[in-house]
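Analysis of the macromolecular model
In case you want the letters, here they are:
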Amino acid sequence: MVKNLVIVESPAKAKTIEKFLGQDFTVKSCFGHIRDLVKTDDAIDVKNGFRPRYEVSPDKREIVSTLTRLAAEAETVWLASDEDREGEAISWHLFEALKLRKEKTKRIVFHEITKPAILKAVQNPRGIDEDLVNAQQARRVLDRLVGFELSPVLWKKVRPSLSAGRVQSVAVRLIVERERDVQNFNAISLYRVNAEFEAAAGGRSFKAELPKRFDNAADAEKFLNACKGATFTIKNLETKPAKKSPAAPFTTSTLQQEASRKLGYSITQTMLLAQRLYESGHITYMRTDSVNLSDLAIDAAQEAITNAFGAQYSNPQKYVTKNDSAQEAHEAIRPTEFTRRAITPSGDVDANAVRLYELIWKRAVASQMADAQIERTIATIGISTVPETLTATGEVIKFDGFLKLYLESTDEESDGDDEGILPPMKQGETVPLRQMTATERFGKPSPRYTEASLVKKLEELGIGRPSTYAPTISTIQKRGYVVKEEREGKKREVTIFTLKDNAVTKQTETENYGAEKNKLFPSDVGMLVTDFLVKHFDQIMDYNFTATVEKEFDEIARGEKVWNKMIENFYIPFHQIVETTVESAERQSGERLLGQDPESRRNVYTRLARYGPVVQIGDPTDEDKKYANLRTGQSLETITLEEALRLFTERTDRLLGIDPASGKNVYVRMARYGPVAQIGEPDDAEKKFASLRAGQSLQAITLEEAMTLFRLPRVVGQFENKDMKVALGRFGPYILHDDNFYSLTRNDDPYTISAERAVEILLAKRKADSDKIIKEFTLETGAILRVLKDRWGHCLAVGKQKVKLPKGMAVEELTLQECLAFAGDISLDPEKPKKKKAAAKTATTSKTATKKTTARKPATAKSSANGTVKKASKKK
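Residues numbered from 1 in each chain as written. Predicted model: local features only at pLDDT ≥ 70, side-chain atom pairs only at ≥ 80, totals over all residues. Heavy atoms only, no water.

**Things to note about the sheet that holds strand S27 (residues 714-719)**
Test applied: Here, any two strands with at least 2 DSSP bridges between them count as paired. Helix and strand assignments come from DSSP, with helices taken as H or I runs of at least 4 residues and strands as E runs of at least 2, each series counted from the N terminus. For helices, the fitted axis covers only the stretch in contact; all axes are lines through C-alpha atoms, and the angles between them, taken along N-to-C directions, range from 0 to 180 degrees.
The four strands lie next to each other as S27-S28-S29-S30, forming an open sheet whose pairing is antiparallel. Strands at the two margins of the open sheet, each flanked by one partner only, are S27 and strand S30 (740-743). This sheet shows a mean twist of 30° between the axes of neighbouring strands, independent of strand direction. Pairing of strand S28 (residues 722-729) with strand S29 (residues 732-737), which is carried by five bridges, proceeds in the antiparallel orientation. Paired with Val726 across the two strands is Ile735, which belongs to S29.

Below you can see the structure in the form of structure tokens.
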């Protein structure tokens, strides 16, 4: 019998905690969230206080069953999920799903997984914080309402299969607006004058710069000519002390940013590694917006600094979070032991996690170190022939302080002219000129966002919270609204004038510009959706509004606001806007007669087609009727006959040129599944299509680039007496061989890939598929039940049917009976696969919902296995 049952979210966390508690405690994992809103259209009862309906996730039913049995046997159940709102919600769902009693249930929280912290938590239990639960519930309900009401509008007004979200759509808007800023930026060139001098006291040179810039080449050249034969003198010498202070210890967002800059980690990778470090007991909780350190941590840091560097390097200090919503009771991210500078890889802690730990340790320790003391020198250099002066700056570190250990990186793009050390010099001293240059420099647009800089911007605007940054950025990429990629730069000529040995020369050089690495770019679909949402749902897309909603969640968490009242105040006006937009779409779905086309004398209509609003020349029964898509900003209700006919002469598709082979026009346009190039007119029965590649856009693609797209599909050779055909699909380039598909890697070019490389990809995929099979059982029905490892974890599979297994499960030890218990809706008869459950597409929260679909009640693990376990067992 279990005396004390402790429930945590992950097996790794359970394993660590179990070491600190005695034999009277049994620690089990619930493997994350066990319940979520039901998938059907009655998930939220908007008429009764927005009451949500939850269900246990199919892959958690067996876990819930086991935990329910253990909880019934235990004297006390300890809910030990994480300390934030999401963790509090997990504890509440456990309490409800396991049908626990308050008198035998205790909630414990801790900032770090160390023995003192765990024992202290057990000595100071509390109840479930309903305010934190309500704040998380409000976020979940509001996001479901927004997503389920906005997405159907996008299906009707823009394109099917699109989705929208309260935070994700605003994040995409940031990226879209920055992209347009970059594309519309007009780079103006200025001439920057730099001089290199030789110090009189020695041969070491130093550089100086003219503060002003010249607008054109003539003025720059004129200035250099005026400096011929000039004497350069130290006119003024100013030396003043300065200091640099350390950065505060990490919050979630600053950790994500710095890990991206210094280690090259993605936001998702950083959070995964930090989670492992936390669950292994190496760092404190990794989802926090506080920079606060406990007194105990400050004392431990002071001792570590004094022992390692000396007392002069220690400067204990407390940091205060500027964000009003930050919870100061929480701590910043720090090591649990300041004396442990490095850790070794073990278990889930790999080499990448070790590097992240070192970064966290350095940042936390540096935050408690002394300021760096600097002496900054500014030298003003006079020119005898002109009134302008040059300026040379340099600095010397007198005391390195925290710089001995750590310096924070920035997202700013450096031009390479960092301050150096100036040689000894005196006022009135003459310095010989080595050379002076006037270099043409072009202005730069605001840089495109990286994942790190987007997190920084979201935090500045108050959009999202520590737990939402990584999922938001991951979601907008998975849904194809944003891509993260590298793009090659372009070349341009720059002019350089050089004054040397009293002679001015001119030369032209080529520079690369615009190269991007791991930057976020909006897709054409992302830009299209953003434009639509900004036009029709400007309140949802407003940055201040989104930030205000986050503040209201904070007020709910503090018990200052009732969660369903907050939802009501948001939902009523929002739903009215949705209804108005949908009614407009429904009104516009009917045909509207505009008049006659003077050329063909056929009727001209506007109507809402399956994939968007169109103009149609010809009656519905005409076989040769023509179509043209409306432009952004045009309405089916207000467009005139002249504007409609102009769409057929001034095509909404972008004309690139003429195909040399066929003589037909080549266009690019947005099609059903994304941007395409098209050879031929819309009514051409022999027109050809090719999907644009990743990184190509409708606005920037050239005729030459478009024509290369039509080189596919192509046969690159044969393997096993069958063709290997390379083609482009919805999800990228692939090889088709023997009716099987093999995706190309990012480094493979579908237009140049060789037969040898194609064979390598085929064999590598086959090997990878075989490596995925962990165990397999042959059933009496003839089916093969396999335990597989896929990209999302582990699963059971019969043919193409799959069911996910809980994370952390010892899959190598699964028996047939255990597999059958988890099989759920998988049909064990290969001849009779079970039908998929009908999924409702929208919630009753929207009148835009499609007709309800009655979903079959899923069979339990027990019922689906009945009668099969014995037979299969006998055969085995």
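**Observations concerning the nonpolar core**
Just so we agree on the cut-off: Definition of nonpolar core: a set of buried residues of the types Ala, Val, Leu, Ile, Met, Phe, Trp, Tyr and Cys, connected through side-chain atoms within 4.5 Å. Residue burial is assigned from relative accessible area. The probe radius is 1.4 Å, only protein chains are included, and a residue is buried under 20% of its type maximum, exposed over 50%, and partly exposed in between. It only takes one pair of heavy atoms within 4.5 Å for two residues to be counted as in contact.
Judged by nonpolar contacts, the single largest core of 120 residues is most densely connected at Phe110, Leu277, Ile283, Leu356, Leu533 and Ile567. With eleven residues, helix H5 (residues 130-157) is the single largest residue contributor to this core. Residue contacts for Leu533: discarding those within four places in its chain leaves Leu150, Leu154, Ala164, Ser169, Asp538 and Met541.

**Structural notes on the pairing of strand S34 (residues 801-804)**
Only one face of S34 is buried: it carries Gln801 and Val803, and the other face, with Lys802 and Lys804, is open. Here strand S33 (residues 793-798) runs beside S34; their pairing, made up of four bridges, is antiparallel. Across the sheet, residue Ala797 finds its bridge partner in S34, namely Lys802. Between the antiparallel neighbours S33 and S34 lie two residues, among them Gly799 with a positive phi of about 65°.

**Things to note about the side chain of Glu149**
This is how it is decided: Pairing of N or O atoms within 3.5 Å defines a polar contact, subject to two protein rules: one partner must be a possible hydrogen donor and the other a possible acceptor, and residues neighboring in sequence count only if both atoms are side-chain atoms.
Along the chain, Glu149 falls in helix H5. Side chain to side chain, Glu149 and His575 meet in a polar contact 2.9 Å long.

**Description of the packing of helix H8 (residues 252-263) against helix H12 (residues 451-461)**
Each pair of packed helices can be described by the angle between their axes along with the distance between the axes. How we decide: Just so you know how the angles are binned, under 35 degrees is roughly parallel, over 145 roughly antiparallel, 65 to 115 roughly perpendicular, and the rest oblique. In this scheme the handedness of a crossing depends on how the near helix is turned from the far one: anticlockwise by less than a right angle means left-handed, clockwise means right-handed.
For the pair H8 and H12, the least separation of the axes is 8 Å and the interaxial angle reads 155°. In terms of orientation, H8 lies roughly antiparallel with respect to H12. Here H8 and H12 pass one another in a crossing that is left-handed. Note on element contacts: H12 touches H8 through Ala452, Val455, Lys456 and Glu459, opposite Ser253, Gln256, Gln257 and Ser260.

**Some remarks on the packing of aromatic side chains**
To keep it simple, the criterion reads: Classification of ring pairs rests on two measures: the distance between centres of Phe, Tyr or Trp rings, Trp counted by its six-membered ring, which must be within 6.5 Å, and the angle between planes, read as stacked under 30 degrees, edge-to-face over 60 and tilted in between. Two limits define a charge over a ring: the Lys NZ or Arg CZ must be within 6 Å of the ring centre, and within 35 degrees of the ring normal.
Taken as a whole and judged by the stated rule, the model has 13 aromatic pairs. Look at Phe25 and Trp78: their rings are 6.0 Å apart centre to centre, the planes differ by 50°, and that puts the pair in the tilted class. Linking Phe25 in strand S2 (residues 25-29) with Trp78 in strand S7 (residues 76-79), this pair joins segments that are 53 residues apart in sequence. Of the two residues, Phe25 and Trp78, neither departs from the other in class, the shared state being buried. Members of the aromatic cluster, each reached through a chain of ring pairs, are Phe197, Phe206 and Phe232. Above the ring of Phe148, the side-chain terminus of Arg144 is found at 4.4 Å from the ring centroid. One Lys or Arg, Arg173, reaches over the ring of Tyr543 and ends 4.9 Å from the middle of that ring.

**A look at helix H3 (residues 85-97)**
Counted only if it meets this: A helix is expected to span 1.5 Å multiplied by its residue count minus one.
Between its terminal C-alpha atoms H3 stretches 18 Å, which fits the 18 Å expected from 13 residues at 1.5 Å a residue. Burial runs high along H3: eleven of the 13 residues are buried. Here H3 has its buried residues at Arg85, Gly87, Glu88, Ala89, Ile90, Ser91, Trp92, His93, Leu94, Phe95 and Ala97. Two residues or fewer after H3 comes Lys99, characterised by a positive phi angle close to 55°.

**Digging into the pairing of S28**
With five bridges joining them, S27 and S28 adopt antiparallel strand pairing. Within S28, the position partnered with Phe719 by the bridge is Lys722. A loop of two residues connects S27 with S28, the two strands running antiparallel in sequence, and Glu720 in this loop sits at a positive phi of about 55°.

**Observations concerning the confidence of the model for the protein**
The cut-off we apply is this: A score from 0 to 100, pLDDT tells how confident the predictor is in each residue.
With 89% of its residues at a pLDDT of 70 or more, the protein shows a mean pLDDT of 85. Across residues 836-876, confidence stays below pLDDT 50; counting only partners more than four residues off in sequence or on other chains, it has 72 contacts.

**Re the environment of Gln699**
Position of Gln699 relative to the elements: it lies in the loop between strand S26 (688-691) and helix H19 (703-708). Along the sequence, Gln699 and Arg654 sit 45 residues apart, while their C-alpha atoms lie 8.1 Å from each other. Those residues in contact with Gln699 that sit more than four places away from it in its chain are Asp524 and Arg654.

**Remarks on the sheet that holds S7**
A sheet is described by the order of its strands in space; here four strands give the open sequence S2-S1-S7-S8, paired in parallel fashion. Since the sheet does not close on itself, it has two edges, and those belong to S2 and strand S8 (105-107), each with one partner. Neighbouring strand axes in the sheet, compared pairwise and without regard to direction, differ in orientation by 25° on average. For S7 and S8, the ladder comprises three bridges, and the chain directions are parallel. Counted as the bridge partner of Trp78 is Lys106 from S8.

**Observations concerning the environment of Leu119**
Position of Leu119 among the secondary structure elements: in helix H4 (residues 115-123). Remark: the alpha-carbon pair of Leu119 and Ile17, spanning 102 residues in sequence, is separated by 9.9 Å. Here Leu119 is in contact with Phe20 and Leu21, once residues within four sequence places are set aside.

**A word on the environment of Pro249**
By secondary structure assignment, the location of Pro249 is in the loop between strand S11 (232-244) and H8. With near-sequence residues (within four places) excluded, Pro249 lies in contact with Thr254, Val291, Leu293, Tyr319, Ala332, Ile333, Arg363, Ala364 and Ser367.

**Details of the pattern of salt bridges**
Selection criterion: The rule for a salt bridge is simple: a side-chain nitrogen of Lys or Arg has to be within 4 Å of a carboxyl oxygen of Asp or Glu.
Overall, the coordinates contain 50 salt bridges when judged by the stated rule. The salt bridge involving Glu73 is made with Arg69; its shortest N-O contact spans 4.0 Å. Of this pair, Glu73 and Arg69 both sit in helix H2 (residues 61-73), separated by four residues, roughly a single helical turn. Residue classification places Arg69 among the partly exposed positions, given a relative accessible area of 46%. Across the pair Arg376 and Glu395 runs a salt bridge whose closest N-O atoms are separated by 3.0 Å. Taken together, the residues span a long stretch of sequence, with Arg376 in strand S12 (residues 372-383) and Glu395 in strand S13 (residues 389-399) at a distance of 19 residues.

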